[in-house]
Amino acid sequence: MAGQPPLTGLKVIEFAGLAPGPFAGLLLSDAGASVLRIDRAVPGHSHTPGAPPPPATEDMLTRHKASIAVDLKSAGGVALVRSLARHADVLIDPFRPGVLERLGLGPEVLGADNPRLIYGRMTGFRRDGRYRDMAGHDINYLAVSGVLGLLGRDGAKPTPPWNILADFAGGGATLFQGVLLAVVARQRTGRGQVVEANMVDGASYLATFPRMALKTDLGAHPRGRNLLDTGCPYYDTYETADGGYMAVGAIEPKFFALLVEGLGLGGQGWEQGRRHDRAQWPELRRRLEGAFKSRTRAEWEAVFDGTDACCTPVYEYPELERGGEGDGGRAEGDQRPAVTLRDTPCLAVRPDASDPSHGQGPGVEGGGYVGVPLAPGQGGEEVLQQWLGWSKGRDFDVQDGGLVLAGKAKL
């Protein structure tokens, strides 16, 4: 029988934001932490019985989270957050440097109140860099980190990969890693600490291997002309007869031999030295393009499934969400936690999870394909009761749609 999720009992305060901060909170909540989001108060709506609830925020990364609405410009609201932080394990700060300090909620203040608090701070640019006072987005952080310069085809301009690489991998996931390191360190020292993550350093760290490869033959050529950046014809995608695509990564000789055999290109010398001759790459690419265009994606799947040719279909999320209709159920579209812990699985994403690889618990609405919105104040009063035994009127009150600390509440 599975034990509780690994971060069960961890209390997390997440200040509302978009993308990287909420993603760090999502990783914590999926692992069982209790995450309480701090939203802006909506007078006449949030925490107001009988009134229409406030509209949900744009944040879609809300699984297993709850919210309280607080006016951080009010002394009572700041006092409430400060009191909560005395009992929290982790705080996530998604703002520009100095915002929470100006509110009296910076790490020096809250760390003095609660020496065990882990204060996680997320910025885009480095706090000590030339761009520290500028606004930016994922594309800007990738640009100044050097990573964006690696991405794109030969002769084409640099191409940003959605906002996956800086916001989420270099940002939210890296902050999550830092928080976990601080949790481990706290077990030894008994003290929390400030954890600072920024998307420039996070993205650059993820690019450690390709950055080092720039000084080797693997990556020393211009963008889009290297082995792993679509420069090589046997590491690329190819269109099929029906407009689908197949992905090819047949780098090793034995894998490449299976690829050309399956494509009907065997016996032409490609399996030997020809494939390593860069002068031959345009011709090999034309041969591969012609072969793949001769059949549908499903037909090529039938050829390469179960082989070591490193040739797989390029699935798109709408078809994965449908459950792989038409492909015998082989599409791996059921969303799962990022890792499998066999004894203490994380919480399930897909409804009706049945084994540790899918997580535990009933799963969530949308199954990982639809973000369920969270309105300011939604579910938060119940979490205050669970965390601290607080109740409205005794420990906190509502003022202009925001929670404020009541006089009887214990600091």
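Figured I'd write up the structure that's included with this text. Please read these numbers as outputs of a predicted model, since none were measured by experiment.

A closer look at the pattern of salt bridges
Per the counting criterion, the structure on display carries 24 salt bridges. Among the ionic pairs, Arg37 bridges to Asp59, the shortest N-O distance being 3.0 Å. Pair noted here: Arg37 is in strand 2 (residues 34–40) and Asp59 is in the loop between strand 2 and strand 3 (65–70), with a separation of 22 residues, a long-range link. The residue Glu283 makes a salt bridge to Arg286 at a minimum N-O spacing of 3.0 Å. Taken together, the positions of Glu283 and Arg286, both in helix 10 (residues 281–292) and 3 residues apart, correspond to about one turn of that helix. The exposure class of Glu283 is partly exposed, given its relative accessible area of 23%. Beyond isolated ion pairs, a larger network of salt bridges with shared partners links Asp93, Glu101, Arg121, Arg127 and Glu196.

Examining the nonpolar core
Counting 32 residues, the largest nonpolar core has Val12, Leu28 and Leu175 as its most contacted members. Among the elements of the structure, helix 1 (20–30), strand 4 (90–93), strand 5 (118–123), helix 5 (138–145), helix 6 (164–189), strand 6 (194–198) and helix 7 (199–206) are those that each provide at least two residues to this core. At 7 residues, the largest contribution of residues to this core is made by helix 6. Sequence-distant contacts of Leu175, defined by excluding residues within four places in its chain, comprise Ala24, Ile92, Gly120, Arg121, Met122, Val195 and Ala197.

Overview of the layout of surface pockets
Approximately 1600 Å³ is the volume attributed to the largest pocket. Together, 43 residues line the largest pocket, and Phe23, Leu26, Leu61, Arg63 and Gly368 are the ones closest to its centre. Top contributing element to the lining of the largest pocket by residue count: helix 6, with 5 residues. In the lining of the largest pocket, the residues fall into 28 nonpolar, 7 polar and 8 charged. If you add up the space inside the second largest pocket, you get close to 1100 Å³. Elements with a minimum of two residues in the lining of the second largest pocket: strand 2 and strand 5. Broken down by element, the residue count for the lining of the second largest pocket peaks at 4 residues, all from strand 2. When the residues that make up the lining of the second largest pocket are grouped by side-chain class, the tally is 21 nonpolar, 6 polar and 12 charged.

So, unusual backbone geometry
A positive phi is found at His47, a non-glycine position, where the angle reads about 55 degrees. The backbone phi angle of Thr230 is positive, close to 80 degrees, even though this residue is not glycine.

Digging into the environment of Trp162
Here Trp162 lies in the loop between helix 5 and helix 6. As for Trp162 and Asp138, which are separated by 24 residues in sequence, their C-alpha atoms are 8.4 Å apart.

A word on the side chain of Asp59
We classify Asp59 as buried; its relative accessible area is 4%. In this structure the side chain of Asp59 is engaged in a polar contact, spanning 3.0 Å, whose partner is the side chain of Arg37. In this structure the side chain of Asp59 is engaged in a polar contact, spanning 2.8 Å, whose partner is the backbone nitrogen of Leu61. In this view, Asp59 contacts Glu14, Gly17, Leu18, Pro22 and Arg37; residues no more than four positions away in its chain are not counted.

Quick word on the packing of helix 5 against helix 6
Put simply, helix 5 and helix 6 touch, their axes get as near as 7 Å, and they point 80 degrees apart. In terms of their interaxial angle, helix 5 and helix 6 are classed as roughly perpendicular. Residue-level inspection shows Asp138, Tyr141 and Leu142 of helix 5 in contact with helix 6, the latter providing Ile164, Leu165, Ala166 and Asp167. Its residues placed into classes, the contact of helix 5 with helix 6 shows 5 nonpolar, no polar and 2 charged.

Structural notes on the environment of Met199
Structurally, the position occupied by Met199 is in helix 7. The spatial distance from the C-alpha of Met199 to the C-alpha of Asn140 is 9.7 Å, given a sequence separation of 59 residues. Those residues within four positions of Met199 in sequence are excluded, and the remaining contacts are Pro20, Met122, Thr123, Gly124, Tyr141, Ala166, Asp167, Gly170 and Gly171.

Some thoughts on the packing of aromatic side chains
How two aromatic rings sit relative to each other is given by the distance of their centres and the angle of their planes. Under the defined criterion, the tally for this structure stands at 10 aromatic pairs. Ring geometry for Tyr234 and Phe256: centres 5.1 Å apart, planes at 65 degrees, overall edge-to-face. Of this pair, Tyr234 sits in the loop between helix 8 (208–213) and strand 7 (235–239) while Phe256 sits in helix 9 (residues 253–262), placing them 22 residues apart in sequence. We classify Tyr234 as buried; its relative accessible area is 3%. Overall, Phe256 belongs to the buried group, its relative accessible area being 0%. Cation over ring: Arg274 sits above Trp270, and NZ or CZ is 3.7 Å from the ring centre. One cation-aromatic arrangement involves Arg275 over Phe256; the distance from NZ or CZ to the ring centre is 4.8 Å.

Reading the values: the criteria
- Residues numbered from 1 in each chain as written.
- Predicted model: local features only at pLDDT ≥ 70, side-chain atom pairs only at ≥ 80, totals over all residues.
- Heavy atoms only, no water.
- Salt bridge = Lys/Arg side-chain N within 4 Å of Asp/Glu carboxyl O.
- Helix = DSSP H or I, 4+ residues; strand = E, 2+ residues; numbered from the N terminus.
- Buried < 20%, exposed > 50% of the residue type's maximum accessible area, 1.4 Å probe, protein only.
- Core = buried A, V, L, I, M, F, W, Y, C linked by side-chain atoms within 4.5 Å.
- Contact = heavy atoms within 4.5 Å.
- 1 Å grid on protein atoms, 1.4 Å probe; cavity = no way out; pocket = protein on both sides within 12 Å on 5 of 7 lines; lining within 4 Å.
- Points joined across faces, edges and corners; volume = space filled by probe spheres on them.
- Nonpolar A, V, L, I, M, F, W, Y, C, P; charged D, E, K, R; others polar.
- Polar contact = N/O pair within 3.5 Å; in protein donor to acceptor, adjacent residues only side chain to side chain.
- Axes fitted to C-alpha atoms, helices over the stretch in contact; angles between N-to-C directions.
- Parallel < 35°, antiparallel > 145°, perpendicular 65-115°, else oblique.
- Phe/Tyr/Trp six-rings, centres within 6.5 Å; stacked < 30°, edge-to-face > 60°.
- Lys NZ or Arg CZ within 6 Å of the ring centre and 35° of its normal.

By themselves, these are just geometric observations and shouldn't be taken as functional.
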